[in-house]
Amino acid sequence: MSRLETRFAELRAANRSALVTFITAGDPEVDATAPALHALVAGGADVLEVGMPFSDPEAEGPTIQRANERSLAAGTRLADVFGCVATFRTTDDSTPVVLMGYLNSILRIGPREFARLASEAGVDGVIIVNLPPEEASEIRAEFDQYGMDLIFLVTPTTTPERAKLIADACTGFVYFVSLKGVTGASHFAIEPIADQLAHLRSVTDLPVLVGFGIKQGSHAAAVVAHADGAVVGAAVVETMAALSGAARLDKLTEQCLELRSGLDA
Amino acid sequence: MLNRYEAPDATGHFGEYGGAFVAETLTAALAELAQLYETAQSDPVFQREFDADLANFVGRPTPLYLASRLTESLGGAKVYLKREDLNHTGAHKVNNTIGQALLAKRMGKPRVIAETGAGQHGVATATVAARLGLECVVYMGAEDVERQSLNVYRMKLLGATVVPVDSGTRTLKDAMNEALRDWVTNVDNTHYIIGTVAGPHPFPMMVRNFQSVIGQEARSQILQAEGRLPDVLVACVGGGSNAIGLFHPFVDDPDVRMVGVEAGGLGVATGKHAAPLNDGVPGVLHGNKTYLMSDEDGQISATHSISAGLDYPGVGPEHSHLKDLGRAEYASATDDEALAAFRSLNQLEGIMPALESSHAIAWVIANAPAMSPEQIILVNLSGRGDKDINTVANLDGIGL
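Report on the accompanying structure.

Focus on the packing of helix α11 (residues 234–242) of chain A against helix α12 (residues 245–264) of chain A
Angle between the axes and distance between the axes: these two values describe a pair of packed helices. Residues and elements named next belong to chain A. In the contact formed by α11 and α12, the axes pass within 9 Å of each other and the chain directions differ by 165°. Taken together, the axes of α11 and α12 are roughly antiparallel relative to one another. In terms of crossing hand, the pair formed by α11 and α12 is right-handed. Between α11 and α12, the residues in contact are A235, V236, T239 and M240 and R248, K251, L252 and Q255, respectively. A per-class count over the contact of α11 with α12 returns four nonpolar, two polar and two charged.

Take a look at the structure:
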């Protein structure tokens, strides 16, 4: 079983919802990433999303845009992204790590080489914001060689037929984007998407995670009845920028505990 | 040579380029747009509306003008200029914004957004929005807001909101990122009028078709003037809409050579340019696969051009396809060559070209002398240069 399968099986057995957190690799510098990932796990993160910084992050709101800019300004290379995961893996072999980013980061070195390096580093899956399933056959084939999961996104504008098509194309889990907008948006609400989530869960056996706009325990709590977990990005990325050293790590852990309390309530 | 040229395919691929690489939220809007456009294309009422607007609002057809003093001074091929600079709003951009605004109206979307580099597309969008009573927001790189202040003020006079974009390199690509973020947030009531033959399907095809009026007119005009087709078509290429508009109606005429001229900036060898077809590799940006300027990690490179409208690291996917097919060739002209061409056309013909279009003129100046007087070059003079007066004056050390 892959790390993602194992983790979701454990969560199901314990009747718990998944807490998934996102930070951008190399933000604000490469050495900050692995300790931050451990701090998130310490607070109860079940799955870690790690952003691959990109020069043109067209789906991100200002918070994660700036994280991308800070990381690139600090000189983060793709090799460093893999390095952050490898460093994290030296002391955590069970928490799944999913890279999230944009297609050009994969195309430039090629899907095969990307999958090989990611797999060696201990990456479990990849989410590519600007890759629809229709364009993914080559990448899927290369990723399958390394048991690398490929996760696509379903959104409020996705038709029911297409939601099934996307869910069928996913391995690992399905990512449901809670709102029309960019990351870090501030208009999260569960009611408008409840029916779509119910439909999505009826057409897939994979875990369904909800992200975009989830910043605190009360948001996460609202997700529990409708999905298998919540993804939190901008709220923890803000902590990466606002604090440093031990204060940053403590705050990340504290945020996860607060989110966890919402999920577990 | 080629069989009849047919591209893109049903899913928007020009060979291996194009496609629709967007955040899932936009997929439904793109499908709706493709469907609506297909219906409109075969609807005579839509075509009549479009043609009437081009005739009565834009002032088409634009003339095909024999540049006789330029021809004489170069001592080679005969040079004709397709005068897109004489369109209402001063460039070819309005051909496309008219078409897309009519589509927005059909979709019942009360708000349009656009990205702009030099400001020509922003002005053309603000203009049609004013005419149709649509709300209009234009995203423009903060650096371009500074170097194209005249067009910024024009857009404001037309009732548009101009949003300076401070992220990234503060130029056209960043404006396009921000426009995509707006669209993903406001997709229910907003149509994104992309200004060039790039972006996700159906934009590259749709914008090409709207701009093809340039080549259709030029074709019949040159046949009337010379009784034959030209030997060479020349157009500047940033995203490449004026070039595709000229080239497309000639693509099945194998004897007509097609030359796109990219922004060579300080010289292609210096890396400080905006010439992805000369010095780029295929990748994905802004919804399509195409030649891009990027580093070995796939990060998009900063570009340089004296011309804001060409200062873009990508290019429309159909140009990538035409390059790989060998059907079109892609040269470059440096900032200095474009400036020299700008001055020459002013002094020899009494025409002030946009700095973008000056790149095409620069190719003519470099290549016409080696051609014979029996040969014909047809250049797309895609826009007028009033907007660039401040830039040129600054280079001359003159503050206006």
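Still to come is the rest of the account.
Focus on the pattern of salt bridges
Taken as a whole and assessed by the stated rule, the structure comprises 44 salt bridges over all chains. We note a salt bridge from R60(B) to E84(B), for which the minimum N-O separation is 2.7 Å. Of this pair, R60(B) sits in the loop between α2 (44–58) and β3 (64–66) while E84(B) sits in the loop between β4 (78–83) and α4 (93–107); the two residues are 24 residues apart in sequence, bridging distant segments of the chain. By the burial criterion, R60(B) is buried, and E84(B) matches it. Linked through salt bridges whose partners overlap, the residues forming this network are R3(A), R89(A), D93(A) and D124(A).

Digging into α2(B)
Residues and elements named next belong to chain B. The first and last C-alpha atoms of α2 sit 20 Å apart over 15 residues, in line with the 21 Å expected at 1.5 Å per residue. Buried within α2 we find F46, F50, D53, L54 and V58. Looking straight down α2, one finds its buried side chains confined to an arc of 100°; they lie on one side. Turned more than 90 degrees away from the buried face of α2, the exposed residues are P44, R48 and N56. The secondary structure elements touched by the buried residues of α2 are α1 (27–41), α4, α5 (120–132), α9 (203–211) and α10 (213–226). Of the residues that open α2, the one with a side-chain oxygen 2.8 Å from the backbone nitrogen of V45 is D43. Looking one or two residues past α2, G59 carries a phi angle of roughly 95°, positive in sign.

A word on the packing of aromatic side chains
Enumeration according to the criterion identifies 11 aromatic pairs over all chains in this entry. For the pair F114(A) and F143(A), a centre-to-centre distance of 6.2 Å together with 10° between the ring planes defines the contact as stacked. Here the residue F114(A) occupies a position in helix α6 (residues 111–121), and F143(A) occupies one in helix α7 (residues 137–145), the gap between them amounting to 29 residues. The structure contains a cluster of three or more aromatic residues connected by ring pairs, namely F82(A), F114(A) and F143(A). In this structure, R83(B) is placed above the aromatic ring of Y65(B), and the distance from its NZ or CZ to the ring centre is 5.8 Å. In this structure, R131(B) is placed above the aromatic ring of F57(B), and the distance from its NZ or CZ to the ring centre is 4.6 Å.

Quick notes on the sheet that holds strand β11 (residues 281–285) of chain B
Residues and elements named next belong to chain B. An order of β1-β2-β12-β11 is seen for the four strands of this open sheet, with the pairing classed as antiparallel. Strand pairing shows two members of the sheet lacking a second neighbour, β1 (13–14) and β11, which therefore form its edges. The pairing of β11 with strand β12 (residues 287–292) spans five bridges and is antiparallel. Considered in β12, the bridge of L285 is made with N288. Sitting on the sheet, helix α13 (residues 317–325) touches β1, β2 (17–21) and β12, and the angle it makes with β12 is about 45°.

A look at the side chain of T24(A)
Residue and element names in this part refer to chain A. Inspection of the secondary structure puts T24 in strand β1 (residues 18–24). Under the relative-accessibility criterion, T24 is labelled buried at 1%. In this structure, T24 is in contact with T33, G51, P53, I64, A67, N68 and S71, ignoring residues within four places of it in sequence.

Notes on the pairing of strand β4 (residues 125–128) of chain A
All names here are of chain A. In β4, alternate side chains face the same way, and those of G125 and I127 on one face and V126 and I128 on the other are all buried. Of the strand pairs in this sheet, strand β3 (residues 97–101) and β4 are connected by four bridges, and their pairing is parallel. Note that in β4 the partner of L99 across the bridge is V126. Where the polypeptide runs from β4 across α7 and back to strand β5 (residues 149–151), its parallel neighbour, the crossover connection is right-handed.

What about the environment of G240(B)?
All names here are of chain B. Within the secondary structure, G240 is located in the loop between β9 (232–236) and α11 (241–247). Residue G240 is classed as buried on the basis of its relative accessible area of 4%. Separated by 132 residues in sequence, G240 and S372 place their C-alpha atoms 28 Å apart. Aside from chain neighbours lying at most four places away, what touches G240 is T196, V197 and H319.

Here's the deal with the nonpolar core
If you look at the biggest cluster of nonpolar residues, it comprises 116 residues, and the most contacted ones within it are F173(A), Y175(A), W183(B) and F247(B). Discounting residues that sit within four places of it in the chain, F173(A) has contacts with L4(A), F8(A), E49(A), V98(A), I127(A), I151(A), L206(A), P207(A) and L209(A). The next biggest cluster of nonpolar side chains, apart from the first, holds 66 residues, and it includes L48(A), V97(A), V210(A) and L252(A).

Quick look at the sheet that holds strand β5 (residues 111–116) of chain B
Residues and elements named next belong to chain B. Pairing is parallel across the open sheet formed by four strands, whose spatial order is β7-β6-β5-β8. Looking at the sheet topology across the chains shown, the edges are occupied by β7 (161–165) and β8 (190–192). Within the sheet, the average angular offset between the axes of one strand and its neighbour, ignoring direction, is 25°. Direction of pairing for β5 relative to β8: parallel, over a ladder of three bridges. For I113, the partnering residue across the bridge sits in β8 and is Y192. Together, β5, β6 (135–141), β7 and β8 form the strand contacts of helix α8 (residues 172–186), whose direction differs from that of β5 by roughly 160°.

What about the environment of Q299(B)?
Along the polypeptide, Q299(B) turns up in the loop between β12 and α13. In sequence terms Q299(B) and G119(B) are 180 residues apart; their C-alpha atoms lie 26 Å from each other. Sequence-distant contacts of Q299(B), that is, excluding residues within four places in its chain, are made with P53(A), F54(A), S55(A), L72(A), M293(B) and S294(B). Here the side chain of Q299(B) touches S55(A) through a polar contact of 2.8 Å, landing on its backbone nitrogen.

The rules behind these values
In this numbering scheme, every chain counts its residues from 1 along its sequence in written order. Here the convention is simple: chains get letters from A, ligands get numbers from 1, in the order in which they are written. Local features in this predicted model are restricted to residues of pLDDT 70 or higher, and side-chain atom pairs are both shown and tallied only at a pLDDT of 80 or more, whereas totals for entire chains, interfaces and linings draw on every residue. As a rule here, side-chain values cover all heavy atoms of the structure and leave hydrogens and water aside. To define axes, lines are fitted to C-alpha atoms, for helices over the stretch in contact only, and angles between the resulting N-to-C directions are given on a 0 to 180 degree scale. Elements are defined by DSSP. Helices are runs of H or I of four residues or more, strands are runs of E of two residues or more, and each kind is numbered from the N terminus. Should an angle fall under 35 degrees it is taken as roughly parallel, and over 145 as roughly antiparallel, whereas 65 to 115 is taken as roughly perpendicular and any remaining angle as oblique. If you view the pair so one helix is near and one far, a crossing is left-handed when the near helix is turned anticlockwise from the far one by less than a right angle, and right-handed when it is turned clockwise. By definition, residues are in contact when any of their heavy atoms lie within 4.5 Å. Only Asp, Glu, Lys and Arg are considered charged, only Ala, Val, Leu, Ile, Met, Phe, Trp, Tyr, Cys and Pro nonpolar, and every remaining residue, Gly among them, polar. Any Lys or Arg side-chain nitrogen located within 4 Å of an Asp or Glu carboxyl oxygen qualifies as a salt bridge. Per-residue accessibility, obtained with a 1.4 Å probe over protein chains only, is compared with the maximum for each type, and a residue is labelled buried under 20%, exposed over 50%, and partly exposed between these values. Multiplying 1.5 Å by the residue count of a helix minus one yields the expected span of that helix. Taking the helix axis as origin, the arc is that swept by the directions to the C-beta atoms. Two N or O atoms form a polar contact when they lie within 3.5 Å of each other; inside protein one atom must be a possible hydrogen donor and the other a possible acceptor, and for residues adjacent in sequence the pair counts only when both atoms belong to side chains. When the centres of two rings from Phe, Tyr and Trp lie within 6.5 Å, Trp using its six-membered ring, the rings pair. Their planes under 30 degrees apart give stacked, over 60 give edge-to-face, and anything left gives tilted. For a Lys NZ or an Arg CZ to count as sitting over a ring, it must be within 6 Å of the ring centre and within 35 degrees of the ring normal. At least two bridges found by DSSP between two strands are what make those strands a pair. Every crossover in which the path from the first strand over the helix to the second runs clockwise, viewed with the strands pointing away from the viewer, is termed right-handed. For our purposes a nonpolar core is just a set of buried Ala, Val, Leu, Ile, Met, Phe, Trp, Tyr and Cys residues, chained together by side-chain atoms within 4.5 Å.

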